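# Structural characterization, general
For reference, the chains in residue letters:
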Amino acid sequence: SILVAGSSNTDMVIMADHFPSPGETILGGRFLMNPGGKGANQAVAAARLGGNVAFLSKIGKDVFGEETMAHLKTEGIDVSGVAVDDQQPSGVAQIIVDKNAENCIVVAPGANMTLSPKDADTHIQLLENAEVLLMQLEIPIETIVYLAEKAHEWRKKTILNPAPAQKLPDELYACLYAITPNETETAFLTGIKVTDEITAGQAADFFHKKGVKTVIITLGAAGAYVSSVDFKGILSAPAVSALDTTAAGDTFNGALAAALSNGKDLESAVAFANKAAARAVTKMGAQSSIPTLEELSKPV
Ligand code: ADP
């Protein structure tokens, strides 16, 4: 099974003609409220794509947290590790989308930033039960390091999706089975701009030198560059007509974790992740675009 430790948010989207200027109030159009947060998105992806998933997260004592909890349950996710913080509100993101489909986003992480090593320790049984630990960077880094170190000690596979990018401590790299940056995150973390297989290999070597076993750089429509002891090269994604790339990376990571926890080898797991993520970009939205195994088995 898989333990996802990460964020959950409620995305509140307002469609408008244009963005308001400072001090201005405008009347917008449609309002949408959607479950989000990289942690929750990846947990949902892993669950829909065949994984047995438990989620470690923190919500607030409010209606958004209740909705989040109920929603995760309907996805078949074990929410015994989702704790309620009595100080901070649930994470929310306020999003304005203008008529050109550009967006402006402010995230209030709230309770997500209170997920402490102590909280992780309270639910450490969930890690004991898992083979794969999947994390992103929307919770405190101390908690990420704490879990990665425990997972390393217990010979679990930790996958870190380093998004949103921030500098990472060396002791974290040393505990990782895999890191899955996109091209922007790779440039931020390594200083290397990936333009081809050579530069991808150089960026991968940066992570390998820090102790990361497997490097998977996602390359958008081109698929992913994979570097491990057994395999180095690009695994391409199926060609699709892209509609909305929101949650492509989240689908990729959830699918990867699901495949690895089901015993697939690295190459087949990445091929599966490419297939699932490519399908997600053919649909609008974040979690609404994440396919189930059944959907994936049908032609586009
Ligand atoms: P992020 O969404 O995090 O920026 P990428 O853009 O690298 O990450 O996309 C993640 C994965 O989604 C890719 O590795 C690929 O499998 C899939 N993907 C993204 N865009 C496309 C596309 N236009 N066509 C097919 N697959 C895509």
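All values reported here derive from a predicted model rather than from experimental measurement.

Each helix and strand counted, the chain has eleven helices and 13 strands in total. By the compact-globule yardstick of 19 Å for 300 residues, the chain fits well, its C-alpha radius of gyration being 19 Å. Summarising its shape, the C-alpha atoms of the chain cover approximately 55 × 45 × 40 Å along the three principal directions. Taken over 300 residues, the chain has a buried fraction of 48%. Counting only contacts in the chain whose residues sit at least 6 apart along the sequence, the fraction spanning at least 24 positions is 69%.

With that out of the way, let us pick up the UniProt feature "binding site: substrate" (unreviewed entry) in the chain. The residues that UniProt annotates with the feature "binding site: substrate" (unreviewed entry) are Asn9, Thr10, Asp11, Gly37, Lys38, Gly39, Ala40, Asn41, Glu138 and Asp250. Within the secondary structure, Gly37 is located in the loop between strand E3 (31-36) and helix H1 (38-48). For Gly37, the contacting residues outside a window of four places in its chain are Ser7, Ser8, Asn9, Gly91 and Glu138. Residue position: Ala40 is located in helix H1. Excluding anything up to four places from it in sequence, Ala40 contacts Ser7, Ser8, Pro35, Thr68 and Leu72.

For helix H8 (residues 197-209), with 13 residues, the first-to-last C-alpha span of 18 Å sits near the 18 Å given by 1.5 Å per residue. For H8, the complete set of buried residues consists of Ala200, Ala203, Ala204 and Phe207. Down the axis of H8, the sector holding all buried residues measures 100°, keeping them to one side. Relative to its buried face, H8 has exposed residues pointing more than 90 degrees away, namely Ile198 and Lys209.

Here strand E2 (residues 9-15) runs beside E3; their pairing, made up of six bridges, is antiparallel. Paired with Ile14 across the strands is Phe31, a residue of E3. The pairing of E2 with strand E6 (residues 91-97) spans seven bridges and is classified as parallel. Bridging across to E6, Met12 finds its partner in Gln94.

This next bit is on the sheet that holds strand E11 (residues 214-218). Sheet architecture is open: nine strands sit in the order E5-E4-E1-E8-E9-E10-E11-E12-E13, paired in mixed fashion. The open sheet has two edge strands, strand E5 (78-85) and strand E13 (232-235), and neither has a second partner. Examined bridge by bridge, strand E1 (residues 2-5) and strand E8 (residues 132-135) share four bridges and lie parallel to one another. Residue pairing for E8: Ala5 is matched across the bridge by Met135. Contacts from H1 reach E1, strand E4 (53-60) and E8 within the one sheet, and its direction differs from that of E1 by about 165°.

All right, on to the site of the ligand then. In the region of the ligand, 18 residues are neighbours, and Thr218, Ala221, Ala248, Gly249 and Ala277 sit closest. Listing elements by their share of the shell around the ligand, those giving two or more residues are helix H9 (248-261) and helix H10 (266-280). Class assignment for the residues of the shell around the ligand results in eleven nonpolar, seven polar and no charged.

What follows covers the UniProt feature "binding site: K(+)" (unreviewed entry) in the chain. With numbering matched to this structure, UniProt assigns "binding site: K(+)" (unreviewed entry) to Asp244, Thr246, Ala280, Lys283, Gly285 and Ser289. A maximum C-alpha distance of 9.0 Å places the annotated residues, which cover 46 residues in sequence, within one compact spot. Within the element layout of this structure, Gly285 appears in the loop between H10 and helix H11 (293-297). Setting aside anything within four residues of it in sequence, one finds Gly285 in contact with Asn34, Asp244 and Thr246. Position of Ser289 among the secondary structure elements: in the loop between H10 and H11. You can call Ser289 buried: it has 23 C-beta atoms within 10 Å. When residues no more than four places from it in sequence are discounted, the contact partners of Ser289 are Asp244, Thr246, Ala247, Ala280, Lys283 and Met284.

With mixed pairing, four strands are arranged side by side in an open sheet as E3-E2-E6-E7. Sheet topology places E3 and strand E7 (103-108) at the edges, where each strand pairs with a single neighbour. The sheet shows a mean angle of 20° between the axes of neighbouring strands, taken without regard to direction. On top of the sheet, helix H2 (residues 63-74) reaches E2, E3 and E6; it is set at about 105° to E2, its chief contact.

Across the chain, the average pLDDT comes to 97, with 100% of residues at or above 70. In the model output, the complex is listed with pTM 0.97 alongside ipTM 0.99.

The rules behind each value
- Residues numbered from 1 in each chain as written.
- Predicted model: local features only at pLDDT ≥ 70, side-chain atom pairs only at ≥ 80, totals over all residues.
- Helix = DSSP H or I, 4+ residues; strand = E, 2+ residues; numbered from the N terminus.
- Rg over C-alpha atoms; globule rule 2.2 N^0.38 Å.
- Buried ≥ 20, exposed ≤ 12 C-beta atoms within 10 Å, placed from the backbone.
- Contact = placed C-beta atoms within 7 Å.
- UniProt positions renumbered as here; feature names shortened; annotations may be inferred.
- Expected span 1.5 Å × (residues − 1).
- Arc of directions from axis to C-beta.
- Pairing = 2+ DSSP bridges.
- Axes fitted to C-alpha atoms, helices over the stretch in contact; angles between N-to-C directions.
- Near = placed C-beta within 6 Å.
- Nonpolar A, V, L, I, M, F, W, Y, C, P; charged D, E, K, R; others polar.
- pLDDT = per-residue confidence, 0-100.

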